[in-house]
Amino acid sequence: MSETLSNVAEVAPLIRERAAEIEQGRQVPADVVGLLAEAGCLRMLVPAHHGGDALPLADALRVIEEISRADGSTGWLIGQIGLAHLLFACFPEQAQKEIYAGGPDVAGAGAVAPKGRAAADGDGWRVTGQWPFVTGCTHAEWVYLNCMVVEGRTPQVGPGGVPLTRMALFPAAELEILDTWDVVGLRGTASHDVRVSGAFCPGRRGFSLQGDTPGVRQAVFSIAQAGLLIAAVDLGIAQGALDEIAELAEGGRRRSFSRGSMASSPVFQDRLGEAWLTVRAARALLHEEAGAAWETATAGRVAEPLGRACLRATAAKVTDLAARAVRTAHELAGGAAVYQTSPLQRRLRDIHTATQHFVNGRDFYATVGALLVGEKVDPAGF
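Every value quoted in this text rests on a predicted model; they were computed, and no experiment measured them.

### With respect to the packing of helix α4 (residues 57-70) against helix α5 (residues 72-88)
Point 1. Interhelical geometry of α4 versus α5 gives an angle of 155° and a closest axis separation of 6 Å. Here α5 runs roughly antiparallel to α4, going by the angle between their axes. Between α4, through I64, I67 and S68, and α5, the contact on the second element is made entirely by G72, T74, G75, W76, I78 and G79.
Point 2. Residue composition of the contact of α4 with α5, by class: four nonpolar, five polar and no charged.

As structure tokens, this is what we get:
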């Protein structure tokens with residue numbers, strides 16, 4: 001067990017107690033973020049040469065799952081901060097030195113979807129746009145934003161007609177936060193929109209996602225890992241739901257007109273046991289893929305197409321299995337789960353909000369299948 005995971009295990013009960021507060025406030029309180037920073041959660045994926053812990057990916061996923069087991073929104077926030085650090089490592093070294101000038105415990109946020117425009121301006125870029133789903137923007141110190149490269153208002157394209165994009169980095173204070181996060185689940189993630197209009201981004205604070213350089217390959221791998229970080233959250237939500245239904249049953253709950261307790265019901269036992277094993281199977285898949293991807297990356301190798309596709313498809317499969325387990329827990333609770341005071345209804349809303357994220361879609365099942373039968377696949381998609 002990593003030191004960070006051990007520290008999180010001590011903080012988790014407090015997070016669970018404050019889960020309703022986190023949801024109602026629509027963000028994780030600053031003092032909770034501070035406790036998680038002290039536990040090592042903000043630095044766990046920061047490179048060692050910047051003072052970070054540089055945990056192996058699988059270890060970081062265990063931390064994210066444990067936090068999500070206590071509260072899905074808090075786990076999602078920590079996972080997205082982890083993704084920010086993976087992407088910060090792709091920026092020029094001068095930008096990284098700016099980010100970590102005050103130490104490795106930096107809250108980062110950002111958006112991979114290219115919802116803005118970047119136009120060349122001297123030694124930098126003028127950036128305009130509005131980006132949704134910027135998790136944790138209310139806590140962030142630095143924010144990365146992906147942009148379409150334009151000349152005037154015309155999008156620029158590279159070889160093969162692929163649109164050119166550029167990642168831009170801004171101090172959070174230079175961005176406008178729009179209060180847009182009024183949603184069904186994961187309400188505490190503060191995933192608001194951010195907006196800039198004609199903001200200048202120095203060239204040292206940007207990089208291109210096009211080409212086949214080591215930096216581009218690192219960035220693509222980092223984005224692919226986003227799915228695994230989200231899948232770890234989903235596992236935590238599912239495990240938390242199973243904890244809660246087991247606790248409800250152990251408390252002696254009986255269904256109306258039932259002679260025996262919920263816990264003594266063979267049907268309840270069968271469904272709970274299957275759901276528990278489903279989560280274990282999903283966790284095994286997640287960690288197998290994470291371990292293989294990390295080994296490839298640390299060896300400086302480029303993953304084969306099938307390996308890359310499996311990495312992306314794993315997020316969809318793990319999320320699907322986690323959602324099944326949460327639905328089972330919610331169904332088993334019966335009428336007790338319909339009240340706002342029930343953590344199980346929050347788990348259900350959180351997991352179904354998570355399933356809507358683009359990295360959890362079925363697209364890469366088809367990519368895996370195509371590669372297995374020798375069909376050609378457009379590499380730009382994965």
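### A short note on α4
Point 1. An ideal rise of 1.5 Å per residue puts 20 Å on 14 residues; α4 measures up with 20 Å between its terminal C-alpha atoms.
Point 2. Burial analysis of α4 places ten of its 14 residues in the buried class, the great majority of the element.
Point 3. Among all positions of α4, only L57, A58, A60, L61, V63, I64, E65, I67, S68 and A70 are buried.

### Describing the state of the cysteines
Point 1. Under the counting rule described, the total for this entry stands at zero disulfides.
Point 2. Free of any disulfide, C90 has its nearest cysteine sulfur in C201, 15 Å distant.
Point 3. Given the relative accessible area of 9%, C90 is considered buried.
Point 4. In this structure C137 is a free cysteine whose sulfur lies 16 Å from that of C147, the closest cysteine sulfur available.
Point 5. For C137, a relative accessible area of 4% corresponds to the buried category.

### Describing the side chain of T328
Point 1. With respect to the secondary-structure elements, T328 resides in helix α9 (residues 305-333).
Point 2. When its relative accessible area of 14% is taken as the criterion, T328 is described as buried.

### Some thoughts on the pairing of strand β1 (residues 108-121)
Point 1. Across eight bridges, β1 lies against strand β3 (residues 142-151) in parallel orientation. Bridge pairing in β3 links G116 to C147.
Point 2. Relative to strand β2 (residues 124-134), β1 runs antiparallel, the two being bridged by six bridges. Counterpart to A120 in the pairing with β2 is W125.
Point 3. Hairpin geometry of β1 and β2 is characterised by an intervening segment of two residues between the two adjacent antiparallel strands and by a positive phi of about 65° at G122.

### What about the packing of aromatic side chains?
Here the distance between the centres and the angle between the planes together describe a pair of aromatic rings.
Point 1. The tally for this structure, following the rule as stated, stands at three aromatic pairs.
Point 2. Centroid distance F88 to Y144: 6.4 Å. Interplanar angle 85°. Geometry classified as edge-to-face. Here F88 is found in helix α5, whereas its partner Y144 is found in strand β3, with 56 residues between them in sequence.
Point 3. On the basis of relative accessible area, F88 is assigned to the buried category, the value being 0%.
Point 4. A residue is classified by how much of its surface remains accessible, and Y144, at 2% relative accessible area, is buried.
Point 5. Ring geometry for F133 versus W181: centroids 6.1 Å apart, planes at 85°, classification edge-to-face. With F133 in strand β2 and W181 in the loop between β6 (176-178) and β7 (192-202), this residue pair connects regions lying 48 residues apart in the sequence.
Point 6. The class for F133 is exposed, based on a relative accessible area of 56%.
Point 7. Residue W181 is classed as buried on the basis of its relative accessible area, which comes to 9%.

The rules behind the values
- Counting starts from 1 at the beginning of each chain's written sequence and moves along it residue by residue.
- For a predicted model such as this one, the threshold for reporting local features is a pLDDT of at least 70, and the threshold for listing and counting side-chain atom pairs is 80 or more; totals across whole chains, interfaces and linings nevertheless cover every residue.
- In computing side-chain properties, one takes all heavy atoms of the structure into account and sets aside hydrogens as well as water.
- Throughout, an axis means a line fitted to C-alpha atoms (over the contacting stretch in the case of helices), and angles, computed between N-to-C directions, take values from 0 to 180 degrees.
- Under the DSSP-based scheme used, a helix requires at least four consecutive residues in state H or I and a strand at least two consecutive residues in state E, with every element numbered from the N terminus.
- Angles below 35 degrees are treated as roughly parallel, those above 145 as roughly antiparallel, those between 65 and 115 as roughly perpendicular, and all remaining angles as oblique.
- By definition in these notes, contact holds between two residues if any of their heavy atoms fall within 4.5 Å.
- Just so you know the grouping, Ala, Val, Leu, Ile, Met, Phe, Trp, Tyr, Cys and Pro go in nonpolar, Asp, Glu, Lys and Arg go in charged, and all remaining residues, Gly too, go in polar.
- Multiplying 1.5 Å by the residue count of a helix minus one yields the expected span of that helix.
- A 1.4 Å probe rolled over the protein chains alone gives each residue an accessible area, and that area as a share of the maximum for its type sets the label: buried under 20%, exposed over 50%, partly exposed in between.
- Put simply, a disulfide is two cysteine sulfurs that come within 2.5 Å.
- For two strands to count as paired, DSSP must find a minimum of two bridges between them.
- Between the rings of Phe, Tyr and Trp (Trp by its six-membered ring), a pair exists once the centres lie within 6.5 Å; its type follows the angle of the planes, with under 30 degrees stacked, over 60 edge-to-face, and the other angles tilted.

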